[in-house]
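Coordinate analysis (summary)
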Amino acid sequence: MLPATFKLCAAISYRHLRNMTGLRRQAAVAISQELSKLACRGSGPSTWINQVRRRSSLLSSRLEEKPFSEMEMSYIKQGEEALQKSLSILGDQDGWKTETVVDNGDKVLSKVLPDVGKVFRLEVVVDQPLDAVYSELVDNMEQMGDWNPNVKEVKILQKIGKDTMITHEKAAATPGNIVGPRDFVSVRCSKRRGSTCVLAGMSTKYGAMPEQEGFIRAENGPTCMILRPLSGSPSQTKLIWLLSIDLKGWLPKTIINQVLSQTQVDFANHLRERLARTVAVNC
């Protein structure tokens with residue numbers, strides 16, 4: 001049988017549960033249940049101590065976990081909504097019209113949606129494996145301004161869990177200043193399931209990033225990129241980019257449509273150049 005002191009500790013642990021909530025209570029319940037089992041089995045002190053050490057380690061690790069705040073949960077939900085809505089738009093194959101077809105096979109399609117407006121769809125094949133493309137677009141996101149002239153800066157404002165983040169992006173003015181500098185505050189959600197990656201986003205409000213002087217605060221979303229290995233050629237990546245943007249300001253729709261479709265074509269070319277340089281350096 002356990003000494004009286006050990007039995008007393010097990011009893012006290014139950015009383016402390018009444019003053020605990022959330023993760024603390026869950027972890028403590030596991031410890032107390034184990035103590036009760038040990039008391040009934042009559043394990044010796046050394047066994048009891050080892051068990052408590054393991055359970056205490058579990059308790060400490062769980063207490064370090066920080067549950068998401070109400071605001072963070074709101075951002076997570078927005079990211080998930082952007083992802084689901086984007087996939088729904090891309091999943092509907094009807095109504096797409098060709099905007100641009102490039103000699104290398106890159107093409108931009110578009111369609112008008114009642115609740116969103118005009119959206120654009122870029123379809124390209126990149127001669128690099130998925131991991132390299134994913135790393136550049138997600139892991140090295142803040143370096144995009146180094147290789148994409150259409151982007152001045154991308155800054156991660158906050159990370160929420162492993163899938164969600166808030167970003168601030170400054171877009172460069174177009175040649176001739178036809179479209180002046182814009183900026184965006186977005187919630188982004190990245191999901192990777194097997195050989196398919198989805199990077200989705202939409203505009204959001206973020207108190208720490210008010211409108212910036214010299215920039216018009218534009219809105220985007222739902223928007224997303226889908227990456228997957230090209231069928232039959234795993235060293236190449238098929239990239240689909242759904243783009244939906246409200247540039248704000250007084251701009252004719254013809255100019256907006258031309259700028260957005262060209263932006264997608266340019267992006268594909270700049271991405272290829274960036275990846276080619278990266279591979280050359282690593283070699």
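Small disclaimer: the values here were computed from a predicted structure and weren't measured. Position numbers for residues start from 1 in each chain and track the written sequence from start to end. The predicted nature of this model means local features are confined to residues of pLDDT at least 70 and side-chain atom pairs, given and counted, to a pLDDT of 80 or more, with totals for whole chains, interfaces and linings taken over all residues. Side-chain metrics rest on all non-hydrogen atoms present in the structure, leaving aside hydrogens and water.

1. Regarding the environment of Ala82
Numbering goes from the N terminus for both helices and strands, where a helix is a DSSP run of H or I of at least four residues and a strand is a run of E of at least two. The topology assignment puts Ala82 in helix H4 (residues 70-91). For the pair Ala82 and Ser203, spaced 121 residues apart in sequence, the C-alpha to C-alpha distance is 9.4 Å. Any pair of residues with heavy atoms lying within 4.5 Å of one another is described as a contacting pair. Sequence-distant contacts of Ala82, defined by excluding residues within four places in its chain, comprise Ala200, Gly201, Met202 and Pro222.

2. Brief notes about the pairing of strand E11 (residues 233-243)
Within a regular beta strand, the side chains point alternately toward one face of the sheet and then the other, so they alternate between its two faces. A pair of strands is labelled paired if DSSP reports no fewer than 2 bridges between them. Bridging between strand E3 (residues 117-126) and E11 involves 7 bridges; their strand directions are antiparallel. By the bridge assignment for E11, Val126 is matched with Thr237. Two strands pair when backbone bridges link them, and strand E10 (residues 223-230) and E11 are joined in this way by 7 bridges, in the antiparallel orientation. Across the sheet, residue Cys224 finds its bridge partner in E11, namely Leu242. In this structure, the hairpin formed by E10 and E11 is closed by a connection of 2 residues, where Gly232 is found at a positive phi of approximately 85 degrees.

3. Digging into the packing of aromatic side chains
Ring geometry is summarised as follows: Phe, Tyr and Trp rings, the Trp one being its six-membered ring, pair when their centres sit within 6.5 Å, and such pairs are stacked at plane angles under 30 degrees, edge-to-face over 60 and tilted between the two. The tally for this structure, following the rule as stated, stands at 3 aromatic pairs. Ring centres of Trp147 and Phe267 lie 6.0 Å apart, and the angle between their planes is 45 degrees; on these two criteria the pair is classed as tilted. In this pair, Trp147 sits in helix H6 (residues 144-147) while Phe267 sits in helix H7 (residues 253-282), placing the two residues 120 residues apart along the sequence. Burial status follows relative accessibility: with a 1.4 Å probe on protein chains alone, a residue under 20% of its type maximum counts as buried, one over 50% as exposed, and anything between as partly exposed. Judged by its relative accessible area of 3%, Phe267 falls in the buried class. Cation placement over rings: the criterion is NZ of Lys or CZ of Arg within 6 Å of the ring centroid and within 35° of the ring normal. Sitting over the ring of Trp96, Arg121 keeps its end group 5.3 Å from the ring centre. Sitting over the ring of Tyr134, Arg192 keeps its end group 4.9 Å from the ring centre.

4. Examining the pattern of salt bridges
Every case where a carboxyl oxygen of Asp or Glu lies within 4 Å of a side-chain nitrogen of Lys or Arg is listed as a salt bridge. All chains considered together, the criterion is met by 16 salt bridges. Note that Asp92 is salt-bridged to Lys111, the shortest N-O span being 3.7 Å. Separated by 19 residues along the polypeptide, Asp92 in the loop between H4 and strand E1 (97-101) and Lys111 in strand E2 (residues 107-113) bring together distant segments of the chain. Judged by its relative accessible area of 35%, Asp92 is partly exposed. Note that Arg192 is salt-bridged to Asp131, the shortest N-O span being 2.3 Å.

5. Some words on the layout of surface pockets
A pocket here means an open set of points on a 1 Å grid, computed over the protein atoms alone, that has protein on both sides within 12 Å along at least five of seven lines. A cavity is instead a set of points where a 1.4 Å probe fits but cannot get out; residues with an atom within 4 Å of a point line either one. Grid points are joined across faces, edges and corners, and a volume is the space filled by probe spheres set on the points. Each pocket or cavity is described by its volume, and for the second largest pocket that value is around 500 Å³. Forming the boundary of the second largest pocket are 22 residues, of which Val116, Gly117, Lys118, Ile245 and Asp246 lie nearest the centre. At the level of secondary structure, the elements contributing two or more residues to the lining of the second largest pocket comprise H4, E3, strand E7 (196-203), strand E9 (219-220), strand E12 (245-246) and H7. With 4 residues, H7 is the single largest residue contributor to the lining of the second largest pocket. Side-chain classes follow a simple rule in which Ala, Val, Leu, Ile, Met, Phe, Trp, Tyr, Cys and Pro form the nonpolar group, Asp, Glu, Lys and Arg form the charged group, and the remainder, Gly included, forms the polar group. Looking at side-chain class alone, the lining of the second largest pocket contains 9 nonpolar, 6 polar and 7 charged residues.

6. Thoughts on the nonpolar core
Counting 34 residues, the largest nonpolar core has Leu122, Val133, Leu137, Leu227, Leu239, Phe267 and Leu271 as its most contacted members. When residues of this core are traced back to their parent elements, those giving at least two are E3, helix H5 (130-139), H6, strand E4 (151-160), E7, E10, E11 and H7. Per-element tally for this core: the top contributor is H7, with 8 residues. Every residue in contact with Leu227, bar those within four places of it in the chain, is listed here: Leu130, Val133, Tyr134, Leu137, Ser195, Thr196, Cys197, Leu199, Thr237, Lys238 and Leu239. One finds Leu90, Trp96, Cys224 and Leu242 within the second-largest nonpolar core, a separate group that totals 14 residues. Here the nonpolar core consists of buried residues drawn from Ala, Val, Leu, Ile, Met, Phe, Trp, Tyr and Cys, with membership extended through side-chain atoms lying within 4.5 Å.

7. Brief notes about unusual backbone geometry
A cis amide bond links Gly221 with the next residue in sequence, Pro222, at an omega value of 0 degrees. Looking at the secondary structure, you find Pro222 in the loop between E9 and E10. Even without being a glycine, Lys248 presents a positive backbone phi close to 60 degrees. Note that Lys248 resides in the loop between E12 and H7.

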